[in-house]
Amino acid sequence: MRVRIGESELELVEGDITEQTTEAIVNAANRTLLGGGGVDGAIHRAGGPRIMEECRKLGGCNPGDAKITIGGNLAAPYVIHAVGPVYRDGKHHEADLLAKTYRRSLEVASENNIETISFPSISTGAYGFPIDQAARIALSTVIDYLKSNQDIRLVRFVLYGRKAFDVYANALEELMKPPATEEEPEQVSEQAD
Ligand code: APR
């Protein structure tokens, strides 16, 4: 699924982020930047030890922030290590922090003149963020960024499995719908007698 945002493109694919050939791929990292499971484990396994060597010099990364390294053996020249929020109950600014994580990843890409970038579904695995909410936050944040930053030509979301893909595809369809116009007749609810 692919939509245009100004001169940029936003794409959803089902697959493995370590196989993407965009200039950067985003890692769903933790604040130590010293590896883990899921996306983090997959990227370090596929990218090799040179990524970890660079990560060790970065001094960690706060939730909501992102830092860049080389891509090592990956097809992608760069990895942007992003630390999403751990989901607790939705009342600890998790939504804002997730949006910030995507925005910071895009800012780091722009700062490094990177024009194509792949994201995983940050925080929706080990960090427990409900994927339907996370999809809306992720997509709306990226759409807003692309509307005012045309330097990034392609943002690809790489969803792991059909279910995750469908959740993001539904969320994107909702976000791309034209706003309801005033002319539409009010839905008159049947007043109970
Ligand atoms: N490609 C794309 N997506 C993947 C891949 C992959 N190879 N592997 C897993 N995913 C998906 C998961 O299915 C989930 O939807 O990425 C999403 C994020 O899951 P996690 O990797 O668990 O990331 P997150 O929820 O952000 O938790 C981060 O987990 O691995 C540790 O060190 C990491 O402590 C950090 C925490």
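Refer to the structure printed above.
As a starting point, this report considers the structure included with it. What you see is a predicted model; the values in this text were computed from it and never measured.

1. Quick notes on the site of the ligand
(1) Moving on: In the region of the ligand, 21 residues are neighbours, and Gly37, Val39, Asp40, Ser123 and Gly125 sit closest.
(2) Moving on: Note that an oxygen atom of the ligand is positioned 2.9 Å from one of the side-chain N or O atoms of Asn30.
(3) Moving on: Note that an oxygen atom of the ligand is positioned 2.8 Å from one of the backbone N or O atoms of Ser123.
(4) Moving on: Computed on the free molecule, the ligand has an accessible area of 700 Å², of which 87% lies beneath the protein chains in the complex.
(5) Moving on: Of all the cavities here, the one that holds the ligand is the largest pocket.
(6) Moving on: A per-element tally of the shell around the ligand places helix H1 (residues 38-47) first, with 4 residues.
(7) Moving on: Residue composition of the shell around the ligand, by class: 9 nonpolar, 10 polar and 2 charged.

2. Quick notes on the layout of surface pockets
(1) Moving on: Estimates place the volume of the largest pocket at around 570 Å³.
(2) Moving on: Lining the largest pocket are 27 residues, and of these Ala28, Gly38, Val39, Asp40 and Gly125 lie nearest its centre.
(3) Moving on: Looking at the lining of the largest pocket, the elements that each hand over two or more residues are strand E3 (24-29), H1 and strand E7 (154-159).
(4) Moving on: The biggest single contributor to the lining of the largest pocket is H1, with 5 residues.
(5) Moving on: Looking at the lining of the largest pocket residue by residue, the classes come out as 14 nonpolar, 10 polar and 3 charged.

The rules behind these values
- Counting of residues starts from 1 at the beginning of each chain's written sequence and follows it residue by residue.
- Per-residue local features of the predicted model are confined to residues with pLDDT of at least 70, and side-chain atom pairs are confined, for both listing and counting, to 80 or more; whole-chain, interface and lining totals are unaffected and use all residues.
- Each side-chain value is worked out from all heavy atoms of the structure, with water and hydrogens disregarded.
- Residue proximity to a molecule or strand is established when one non-hydrogen atom of the residue lies within 4 Å of it.
- Counting of polar contacts relies on pairs of N or O atoms within 3.5 Å, with two restrictions inside protein: one atom must be capable of donating a hydrogen and the other of accepting it, and residues adjacent in sequence are counted only when both atoms are side-chain atoms.
- Methods summary: accessible areas were calculated by the Shrake-Rupley approach with a probe of 1.4 Å, and residue burial reflects only the protein chains presented.
- Cavity means a closed set of points on a 1 Å grid over the protein atoms alone, one where a 1.4 Å probe fits but cannot get out, pocket means an open set with protein on both sides within 12 Å along at least 5 of 7 lines, and lining means a residue has an atom within 4 Å of a point.
- Assignment of a molecule to a cavity or pocket requires that more than half of its atoms lie within 2 Å of the corresponding grid points.
- Counting from the N terminus, the helices are the DSSP runs of H or I reaching at least four residues and the strands are the DSSP runs of E reaching at least two.
- Three classes are used: nonpolar for Ala, Val, Leu, Ile, Met, Phe, Trp, Tyr, Cys and Pro, charged for Asp, Glu, Lys and Arg, and polar for all others, with Gly counted as polar.
- Grid points are joined across faces, edges and corners, and a volume is the space filled by probe spheres set on the points.

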